[in-house]
Structures are given as C-alpha cells and as structure tokens.
Amino acid sequence: MTVYNKAEEAANFLKAKLKEGNFENGTVAVTLGSGLGKFGNSLTRLITVKYEEIPHFPKSTVEGHAGALILAKDEETGKNFWVMQGRVHYYEGYSMEQVTFPIRIFFLLGVKKFLVTNAAGGINRNFDAGDLMLIRDHINMFGNNPLIGPNDKRFGPRFSDMTEAYDKKLSKIVEEEAVSLKINIKEGVYFGWSGPTFETPSEVRLVAALGGDAVGMSTVPEVIVARHCGIDVAGISFISNKAAGISAEKLSHEEVQENSKLVEEKFGALVKASVTRFLKI
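Values in this document were obtained by computation on a predicted structure and should not be read as measured data.

**What to know about a nonpolar patch on the surface**
Turning to step 1, where the next piece is worked out: On the surface, Met141, Leu206 and Leu210 cluster together into a nonpolar patch covering about 260 Å² of accessible area.
Turning to step 2, where the next piece is worked out: With respect to the helices, strands and loops of the structure, methionine 141 is situated in the loop between strand S6 (132-140) and helix H5 (168-180).
Turning to step 3, where the next piece is worked out: Looking at methionine 141, the relative accessible area reads 38%, which means it is partly exposed.

**A short note on the packing of aromatic side chains**
Turning to step 1, where the next piece is worked out: With the rule as written, the count across this model stands at six aromatic pairs.
Turning to step 2, where the next piece is worked out: Between tyrosine 51 and phenylalanine 57, the aromatic rings sit 4.6 Å apart at their centres with planes inclined by 35 degrees, giving tilted as the arrangement. No difference in accessibility class separates tyrosine 51 from phenylalanine 57, as the two residues are buried.
Turning to step 3, where the next piece is worked out: By the ring-pair criterion, three or more aromatic residues cluster together here, those being Tyr4, Phe107 and Phe155.
Turning to step 4, where the next piece is worked out: When the ring centre of phenylalanine 155 is taken as reference, the NZ or CZ atom of arginine 104 above it lies at 4.4 Å.
Turning to step 5, where the next piece is worked out: Across the ring face of tyrosine 4, the terminal group of arginine 154 is positioned such that the distance to the ring centre comes to 3.9 Å.

**Structural notes on the layout of surface pockets**
Turning to step 1, where the next piece is worked out: The volume enclosed by the second largest pocket comes to roughly 280 Å³.
Turning to step 2, where the next piece is worked out: Along its surface, the second largest pocket is lined by 17 residues, and Val3, Arg104, Pro146, Pro150 and Asp152 are the ones closest to its centre.
Turning to step 3, where the next piece is worked out: Of all the secondary-structure elements, those providing two or more residues to the lining of the second largest pocket are helix H1 (3-21) and helix H3 (96-99).
Turning to step 4, where the next piece is worked out: Residues of the lining of the second largest pocket, tallied by class, amount to eight nonpolar, five polar and four charged.

**Describing the side chain of threonine 31**
Turning to step 1, where the next piece is worked out: Looking at the secondary structure, you find threonine 31 in strand S1 (residues 28-32).
Turning to step 2, where the next piece is worked out: Not counting chain neighbours up to four residues away, the residues in contact with threonine 31 comprise Met84, Arg87, Phe114, Leu115, Val116, Thr117 and Glu222.

**Some remarks on empty space enclosed by the protein**
Empty space among the atoms becomes apparent when a probe as large as a water molecule is rolled across them.
Turning to step 1, where the next piece is worked out: Counted under the stated rule, the structure contains one cavity of 30 Å³ or more.
Turning to step 2, where the next piece is worked out: Volume-wise, the largest cavity comes out at about 40 Å³.
Turning to step 3, where the next piece is worked out: Looking at the largest cavity, the residues that line it are Thr31, Met84, Arg87, Val88, Val99, Pro102, Ile103 and Glu222.
Turning to step 4, where the next piece is worked out: Residue classes in the lining of the largest cavity are distributed as five nonpolar, one polar and two charged.

**Quick word on unusual backbone geometry**
Glycine aside, negative phi is the norm for most residues, and most peptide bonds take the trans geometry.
Turning to step 1, where the next piece is worked out: Cis geometry marks the peptide bond from glycine 195 to proline 196, where omega comes out at 5 degrees.
Turning to step 2, where the next piece is worked out: Relative to the helices and strands, proline 196 resides in the loop between strand S7 (186-192) and helix H6 (201-209).
Turning to step 3, where the next piece is worked out: We note that asparagine 22 has phi near 55 degrees; this positive angle belongs to a residue other than glycine.
Turning to step 4, where the next piece is worked out: Summarising the element assignment, asparagine 22 is placed in the loop between H1 and S1.

**Thoughts on helix H9 (residues 264-279)**
Along an α-helix, residues three or four positions apart point the same way, because every turn accommodates 3.6 residues.
Turning to step 1, where the next piece is worked out: Between the first and last C-alpha of H9 there are 22 Å, a value that for 16 residues agrees with the 22 Å anticipated at 1.5 Å per step.
Turning to step 2, where the next piece is worked out: All of the buried residues in H9 are Phe267, Gly268, Leu270, Val271, Ala273, Ser274, Val275, Thr276, Phe278 and Leu279.

Scoring rules and cut-offs
- Residues numbered from 1 in each chain as written.
- Predicted model: local features only at pLDDT ≥ 70, side-chain atom pairs only at ≥ 80, totals over all residues.
- Heavy atoms only, no water.
- Patch = residues over 30% accessible without salt bridge, like charges linked within 9 Å, V, L, I, M, F, W, Y side chains within 5 Å.
- Areas by Shrake-Rupley, 256 points an atom, 1.4 Å probe, with all protein chains shown as cover.
- Salt bridge = Lys/Arg side-chain N within 4 Å of Asp/Glu carboxyl O.
- Helix = DSSP H or I, 4+ residues; strand = E, 2+ residues; numbered from the N terminus.
- Buried < 20%, exposed > 50% of the residue type's maximum accessible area, 1.4 Å probe, protein only.
- Phe/Tyr/Trp six-rings, centres within 6.5 Å; stacked < 30°, edge-to-face > 60°.
- Lys NZ or Arg CZ within 6 Å of the ring centre and 35° of its normal.
- 1 Å grid on protein atoms, 1.4 Å probe; cavity = no way out; pocket = protein on both sides within 12 Å on 5 of 7 lines; lining within 4 Å.
- Points joined across faces, edges and corners; volume = space filled by probe spheres on them.
- Nonpolar A, V, L, I, M, F, W, Y, C, P; charged D, E, K, R; others polar.
- Contact = heavy atoms within 4.5 Å.
- Expected span 1.5 Å × (residues − 1).

Below is the structure:
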C-alpha cells in the first residue's frame, strides 16, 4: 500500500467522524510539542481520537505527549481547527514516512495553514528558559529527508522550494499577536537533528557557528512535508532550557516538562490568538 493510499484511508476515517457529528472540517492545524500539550485540554473539543484508533497513524511513546488528534472549535470565528496533542519523533524508531504521516493526512483533509510548535534548547545566549521563539528558518541536520524516495505528484513536486519554509504572512500574524498580548517573543533559526541524546557542548558550539539559535529533535521533517504539500507554515519554539555548555546544569526531559509550566499561560494565549487570525484569512 502506498503512502498516499494509507493517508487516504486515515483521512476517510476522520471524514466519517466529521460526517457522524455533522461537523465542519478545519483548514488550520496545530502540533503541540513536548510539555505544551496542556493547551489541548483548554479547547472546545468536538472530536477527540487517540492516535492508535486512526488507520496507519503512529503512536507517540514520549512522556508529555498525550497522543490525541482533536477537532476543536474556535469560539470567536465559529470555525473548526485540528490539534495534534503530541507528535512522534524520528528518535523513537519511526521512519521519516511515519513521522510526517499526519501532515499528509492534513493535506488530504484540506488543511491550508499549519502552526508547528516544539520545545528546544537555547543556543542564542540572549535566550532564557521560558522564552518563546518565532521560527524564522531551519537547518536540517537529521541526516535524512522525508522526501527521499519515489515522489507521488498527488502530494507535491519532485523538487520542493524551501526559500520560504516559514510563511512570512503567518509569521507576521504570530508576531503581531505576541505584541498584542505583551509577550516578548524572540526570533531565530531552529536547528533540527535526530536525538535522542541532548547535544554535547562541542555540538552546541557547532550549531551556533552554523547559525542556529535553538536546537531540537522534531519539526523540520514535518515542515518539509507540509511545504511539499503546499501547506503554509508558522512555527514557535518554547525555549525549555539553555543548551549544553551554556547551561551550568545537566540536561533532562524532566527539566523540559518542568519549565513548560513557565509558559503554559502565555503559550496557550498566543496559539489561540494566532489560530483565530489564521482562520480569518
């Protein structure tokens, strides 16, 4: 079975859920990263489906990722949007095809705008734990690319332009909403590689030399596939800690989850306001 056929089967499963509840589909999707899933609990939920219920959908194994796909209603616009409460990662042993499979489902569901979020280590010495960073661009150091292999033109072209991986118009909206909410949002380049080890101090110096402001273990493959499918993207990184060699402390996943509590309120407010704006255009 091809990736397209698998994604089509999953999308049809979700379309049946929409029809069953007589719900309008959503054209905006959000992925919530490590420690950021609480936002999903504050939503007006119309549909909640565990990942393992969706055909061919990979199951998240990381603590802090609830592993649920939600159709939520935005109260201001009355429109619906999709939320991934947690994701799967390359380091979990999943293939790039599996890691990016949800994006292909979104494409077949008619999603046009994608807000991706993550927890990341701060490389830029002006960043502190608890900061939010608008992703201006990324550097792919996974040693892999989700578009390697035969190309299915039904998803997108053989060679995808990544000049504007992160849409300027959507990013401007996020920035404007941050200002409106009095959130001091930073801006920078996200450096993505596989994990699951945190980086060594020497690797952190390399990331800084290459132009990275924050480093993490997700997002890049999803954004590549979203752009391949013609979906516009904006991204927000939660700076969960200062990276190795910058921080005086040893790094841990528990620290990521603990520091996420510093940003729950402002992060949720920013995502909510940004999604509302996305739904209006």
